[in-house]
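# Architecture and fold: a report
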Amino acid sequence: MKVAVLKETAPGERRVALVPEMVGRLKGAGLDVLVESGAGEAAWFGDAAYAEAGATIVTRPELVAAADILLTVTRPDDALLGALRPGQAVIGMLNPLADPELAARLAGRGVTAISLDGIPRTLSKTQPMDALSSQANIAGYKAALVAAATFGRFFPMLITAAGTARPAKVLVLGTGVAGLQAIGTAHRLGAVVSGYDVRPSSKTEVESLGATFIELTSVGSAAGEGGYARALTDDERQAQQAELIGHIARQDVVITTAQVPGRRPPVLLTEDAIKAMSAGSVVVDMGSGPLGGNVAGSVPGETVVTGNGVTVIGAANLAASMPTAASTAYARNVTSLLLHMVADGALAIDPGDDIQAGVVITHGGSVIHPATAALLTDQPAGGTSP
Ligand code: NAD
């Protein structure tokens, strides 16, 4: 069976789905590896390194014609979708709960679609496959660095002959995987860091990193299923936004990471919150994306300076800006998942398997992932699978 690594085509996407280090593991499982010429270039993995590891370098038409399984980081582009044939499989971060139409198109072409963002994340055996965590971890780290590089003062307290600089105050809203890494990184840079989340269980994690946990009096726990947050009601959302303003106004830097699976990211910083911040403050909106963001007025991929001098960064895809680390981690995730699904050198689809039940989105011409199928038919999902 031939596993093929595509060159990503999305604007600004520098990651690659497989790195040379993983080629040997796939070959050891009886799989041939094809790599589109230039696939790893933007992440500093040249064709020669893949070839040396035992992969065959091919053009895109050759790859599409020969591949049984195509590995991608993000969704296939329209040209590729049109070239796929029944029986081929695509493995990537396909985000079917946000983009169920893609799943419908892949099913329509008879393609088996496997999405790493559906992996059940709380099982210890799935930790090596957890691409959401590996990429969020990198993005959280980079968010703190982007904030520090944009901020016009120091993060640490500095006492010099030219005077004393007070440390920056950094608030991280949403303290899941990305938020905790942003907290840890900002703390290591010397900032005074605080964190907030609607899941009370994150308090101890925030405190263990040397940060202060902010507790709101107007909003209680919004812990949902599977370790995720649930969406707030309108009243809760308004109360949260109003109470957060007082905390936000005291910060130099705010980094937002809040997500609710399958929903628009919640707005945590309203226009009033931004107006309450001082000139020179920096906001990094990691929730920013096609569905919206955590910050009023943030634009994905763009930096906006507000009338009162607050820099708002729509940090849409920060993991792609650290392509070598992100590709290396993602390649391990995708390899672990693929090896779990391969038996006797072939892909063995078994929706009864607890991991496959989360990741196999389409197979045999149908959308078989219940939560995605429910979105396409407008039926209640009976619980989203994250
Ligand atoms: P995520 O990307 O879905 O969301 C980021 C954070 O935003 C979450 O902490 C969420 O609670 C928070 N959030 C959502 N709405 C909010 C709101 N209105 N206000 C404030 N915060 C809000 O989350 P994630 O980083 O993918 O992690 C989610 C959970 O999964 C965490 O509990 C994490 O520890 C857990 N997890 C567990 C494992 C494991 O068991 N090995 C692996 C990965 C993640």
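As shown above, the structure is provided for reference.
Residues numbered from 1 in each chain as written. Predicted model: local features only at pLDDT ≥ 70, side-chain atom pairs only at ≥ 80, totals over all residues. Heavy atoms only, no water.

### Topic: the overall build of the protein
We count it as follows: By definition, any uninterrupted DSSP run of H or I lasting at least four residues is a helix, any uninterrupted run of E lasting at least two residues is a strand, and each is numbered from the N terminus. Each residue's exposure class comes from its accessible area (1.4 Å probe, protein chains only) as a fraction of the maximum for that residue type: buried when under 20%, exposed when over 50%, partly exposed otherwise. It only takes one pair of heavy atoms within 4.5 Å for two residues to be counted as in contact. Where accessible areas are quoted, they stem from the Shrake-Rupley method and a 1.4 Å probe; at the residue level, only the protein chains shown are allowed to cover.
A count of helices and strands for the protein gives 13 helices and 19 strands. Viewed in the frame of its principal axes, the protein has a C-alpha envelope of about 65 × 50 × 35 Å. Evaluated residue by residue, the protein yields a buried proportion of 49% over its 386 residues. Residue pairs at least 24 apart in sequence account for 63% of intrachain contacts in the protein once pairs closer than 6 positions are excluded. Total accessible area on the protein is roughly 16,000 Å²; 55% of this is exposed by carbon and sulfur atoms.

### Digging into empty space enclosed by the protein
Quick reminder of the rule: Cavity and pocket criteria rest on a 1 Å grid covering protein atoms alone: a 1.4 Å probe that fits but cannot get out defines a cavity, protein on both sides within 12 Å along at least 5 of 7 lines defines an open pocket, and an atom within 4 Å of a point defines a lining residue. Grid points are joined across faces, edges and corners, and a volume is the space filled by probe spheres set on the points. In this classification, Asp, Glu, Lys and Arg are treated as charged, Ala, Val, Leu, Ile, Met, Phe, Trp, Tyr, Cys and Pro as nonpolar, and every other residue, Gly included, as polar.
Under the counting rule described, the total for this entry stands at 2 cavities of 30 Å³ or more. In this structure, the largest cavity occupies an estimated 60 Å³ of space. What lines the largest cavity is L6, K7, E8, T9, R60, T72, T74, R75, P76, D77 and L80. A class-by-class count of the residues in the lining of the largest cavity yields 3 nonpolar, 3 polar and 5 charged. In this structure, the second largest cavity spans a volume of roughly 30 Å³. For the second largest cavity, the full set of lining residues is L94, P96, D99, L102, A103, L106, A113 and I361. In terms of residue count, helix α5 (residues 100–108) provides more of the lining of the second largest cavity than any other element does, 3 residues in total. Tallied by class, the residues present in the lining of the second largest cavity amount to 7 nonpolar, no polar and 1 charged.

### Topic: the sheet that holds strand β6 (residues 112–115)
Going by this rule: For two strands to pair, DSSP has to find at least two bridges joining them. Only the stretch in contact is used when a helix axis is fitted, and all axes are lines through C-alpha atoms; the angle between N-to-C directions ranges over 0 to 180 degrees.
The 8 strands lie next to each other as β3-β2-β1-β4-β5-β6-β18-β19, forming an open sheet whose pairing is mixed. Taken across any chain shown, the strands that pair with only one partner, and hence form the sheet edges, are β3 (56–58) and β19 (366–367). By the bridge criterion, 4 bridges tie strand β1 (residues 2–5) to strand β2 (residues 32–36) in an arrangement that is parallel. In the strand pairing of β2, V3 is matched with V33. Packing against the sheet, helix α11 (residues 323–341) makes contact with β1, β4 (69–71), β5 (89–92), β6 and β18 (360–363), and its axis sits at approximately 140 degrees to β5.

### Comments concerning α5
Just so we agree on the cut-off: Taking the helix axis as origin, the arc is that swept by the directions to the C-beta atoms.
Among the residues of α5, P100, L102, A103, L106 and A107 are the ones counted as buried. Take α5 and look down its axis: the buried residues cluster within an arc of 150 degrees, on one side only. Away from the buried face of α5 by more than 90 degrees, exposed residues E101 and G108 are located. Structurally, α5 contributes buried residues whose contacts are with α4 (78–83), β6, β18, β19 and α13 (370–377). Backbone geometry just after α5 places G110 at a positive phi near 75 degrees.

### A look at the pairing of strand β9 (residues 169–173)
Using the following cut-off: By convention, orient the strands away from the viewer: a clockwise path from the first strand over the helix to the second makes the crossover right-handed.
Of all the 5 residues making up β9, 4 are buried; the element is thus mostly covered by neighbouring parts of the structure. Bridge count for β9 against strand β10 (residues 192–196) is 5 bridges, and the pairing is parallel. Within the sheet, the bridge partner assigned to K169 lies in β10 and is V192. Handedness of the crossover joining β9 and β10 through helix α7 (residues 177–188): right-handed. By the bridge criterion, 4 bridges tie β9 to strand β12 (residues 253–256) in an arrangement that is parallel. Within β12, the residue paired with L173 across the bridge is T256.

### Re the site of the ligand
Our working rule: Any residue with a heavy atom positioned within 4 Å of a molecule or strand is treated as near that molecule or strand. Counted as a polar contact is a pair of N or O atoms within 3.5 Å, where, for protein atoms, one must be capable of donating a hydrogen and the other of accepting one, and residues adjacent in sequence contribute only when both atoms are in side chains.
Surveying the vicinity of the ligand reveals 24 residues, the closest of which are R121, Q127, V177, D197 and R199. Within the side chain of Q240, a nitrogen or oxygen atom sits 2.9 Å from a nitrogen atom of the ligand. The backbone of Q259 places a nitrogen or oxygen atom 3.3 Å from an oxygen atom of the ligand. Protein contact buries 84% of the 840 Å² of open area that the ligand shows by itself.

### Some details on the packing of helix α1 (residues 20–28) against α11
So the rule is basically this: Here is the rule for angles: anything less than 35 degrees is roughly parallel, anything more than 145 is roughly antiparallel, 65 through 115 is roughly perpendicular, and the remaining ranges are oblique.
Look at α1 against α11: their axes get within 9 Å of each other, and the N-to-C directions meet at 10 degrees. Taken together, the axes of α1 and α11 lie roughly parallel to each other. Residue-level inspection shows E21, M22, R25 and L26 of α1 in contact with α11, the latter providing T328, A331, R332, T335, L338 and L339. A class-by-class count of the residues in the contact of α1 with α11 yields 5 nonpolar, 2 polar and 3 charged.

### Some remarks on the nonpolar core
Stated precisely, the cut-off is as follows: Nonpolar cores are built from buried Ala, Val, Leu, Ile, Met, Phe, Trp, Tyr and Cys residues. Side-chain atoms within 4.5 Å join them into one set.
One finds L18, L71, I91, L116, L337 and L338 to be the most contacted residues of the largest nonpolar core, which totals 38 residues. Counting only elements with at least two residues in this core, the list comes to β1, α1, β2, β4, β5 and α11. It is α11 that contributes the most residues to this core, 6 residues altogether. When neighbours within four sequence positions are excluded, L337 is seen to be in contact with I91, I114, L116, I119, M129, I355 and V359. Counting residues in each nonpolar core, the second largest holds 29 residues, with A143, V253, V282 and A315 among its members.

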